[in-house]
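A look at the structure
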Amino acid sequence: MVSPSISATEVLNSKSDGKKYITSEELKKHNKPSDLWISIQGKVYNVTDWAKEHPGGDIPLLNLAGQDVTDAFIAFHPGTAWKHLDRLFTGYHLQDYRVSEVSKDYRKLASEFAKAGMFEKKGHGVIYSLCFVSLLLSACVYGVLYFESFSIHMLSGALLGLAWMQIAYLGHDAGHYQMMATRGWNKFAGIFIGNCITGISIAWWKWTHNAHHIACNSLDYDPDLQHLPMLAVSSKLFSSLTSVFYGRQLTFDPLARFFVSYQHYSYYPIMCVARVNLYLQTILLLISNRKIPDRGLNILGTLVFWTWFPLLVSCLPNWPERVAFVLVSFCVTGIQHVQFTLNHFAASVYVGPPKGNDWFEKQTSGTIDIACSSWMDWFFGGLQFQLEHHLFPRLPRCHLRSISPIVRELCKKHNLPYVSRSFYDANVTTLRTLRTAALEARDLTNPDPQNLVWEAFNTHG
């Protein structure tokens, strides 16, 4: 499958072994949606048309276009995916293909895990989690329908929030094809527990989450760090970077500067209502012109949520209790939003596209593990082992604790960071990061933070 856009230089690069070669610099030229090439283990593939069909979406391929992506391919694909590459082969090999020592060790480790069957051994955690979620949801509904006590109703709201937390972990597993035995069942599970029960589209989650994994902690490529005007983890965002993911400018105007200047105070309140933004993002995606896999099923599942949830809330006796019930459920799930931000907000950030040749290094620098006892694994859903998950996203969560010492030793061997903090310390570090950016925002042009209110008001009316 040879592209007509091959240059004369590329054609002439051949060796006595009969193979045709191009250099990394020549490969970089094929980095556009209309001309998209990648290299895997030194073989060059034309994925221009395949990007439109790629189950993981086109964003990961576009972000890594014109590069060797071997480590990322290994991380996200099972062994059965290799056979599909042949039809995309251009006939060219990468002339200056090299493998770093850390990549060699990473690939060896991934191979050992695969041979041990760890990617297929999912354990019984899914069954336990489903039973626990069913119990929580049943208790919530029972408390709302059969009790008149305000305290019981608020407890029911808290149980619903806890159920949503656990469902989010299951949805995350399904999105990474970890939960069920086949892709079809994982898709069904994702839509049922994501769209129908939580109201958050699995299509939206995959769209943003795959981009996050590929471009971990890139300020302009990773959507999980793009929260202006409310939050900014780095002063680099003050230059109004352009979000490659959203295709728009992340404007840092006086209103954003005002919010960011107080973000170390507003962080926890924002996390308590962060769920509202997820509902909004789901709706905006589903009504957009963007190509969305299974749009109809995603819309149907979301409508199911917006049917049962308002009905449940309407069963409460009065509006004050209804509002309080919703706020309590949102506040409980806010704990999970805090956890997700702890894993990345205080880690190293960078500006620019991800690089295929430093996959392992970027994951270690952009993630923070949360140290906890094994009996708390259920509460964090396995994502307290954030680095382990980022390195091996297809690995079921039941194995993450067991591979943690191996990953730690590999980081030590190559002098790479392995950051693991207690939940408390991670909160302190995150607040310190937000406060540092807040103080820098205050000092940009106006040393008096009180005047920020008037400046923001005058700008936006």
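Parameters at a glance
Residues numbered from 1 in each chain as written. Predicted model: local features only at pLDDT ≥ 70, side-chain atom pairs only at ≥ 80, totals over all residues. Heavy atoms only, no water. UniProt positions renumbered as here; feature names shortened; annotations may be inferred. Helix = DSSP H or I, 4+ residues; strand = E, 2+ residues; numbered from the N terminus. Core = buried A, V, L, I, M, F, W, Y, C linked by side-chain atoms within 4.5 Å. Buried < 20%, exposed > 50% of the residue type's maximum accessible area, 1.4 Å probe, protein only. Contact = heavy atoms within 4.5 Å. Pairing = 2+ DSSP bridges.

1. Some details on the UniProt feature "domain: Cytochrome b5 heme-binding" (unreviewed entry) in the protein
What UniProt calls "domain: Cytochrome b5 heme-binding" (unreviewed entry) maps, in this numbering, to residues 19–103. Across residues 19–103, the secondary structure splits into 24% helix and 25% strand, with the terminal C-alpha atoms separated by 25 Å.

2. Side note on the UniProt feature "transmembrane region" (unreviewed entry) in the protein
The UniProt feature table records "transmembrane region" (unreviewed entry) at residues 125–146, 152–172, 184–205, 267–287 and 299–319. Split by type, residues 267–287 is 90% helix and 0% strand. Its first and last C-alpha atoms lie 29 Å apart. A distance of 28 Å separates the end C-alpha atoms of residues 299–319, which is 81% helix and 0% strand.

3. What about the nonpolar core?
As a rule of thumb, nonpolar side chains are buried together in soluble globular proteins. Formed by 75 residues in total, the largest nonpolar core has its most connected members in W164, L228, F309 and F325. The element contributing the most residues to this core is helix α7 (residues 150–175), with eleven residues. Ignoring anything within four residues of it in the chain, the contact list for F309 reads L160, W164, F325 and V326. One finds I40, A65, L387 and L400 within the second-largest nonpolar core, a separate group that totals 40 residues.

4. What about the pairing of strand β5 (residues 89–94)?
Of all six residues that make up β5, five are buried, and the element is covered over most of its length. Two elements, strand β1 (residues 20–22) and β5, share three bridges in a ladder whose sense is parallel. Residue pairing for β5: K20 is matched across the bridge by Y92.

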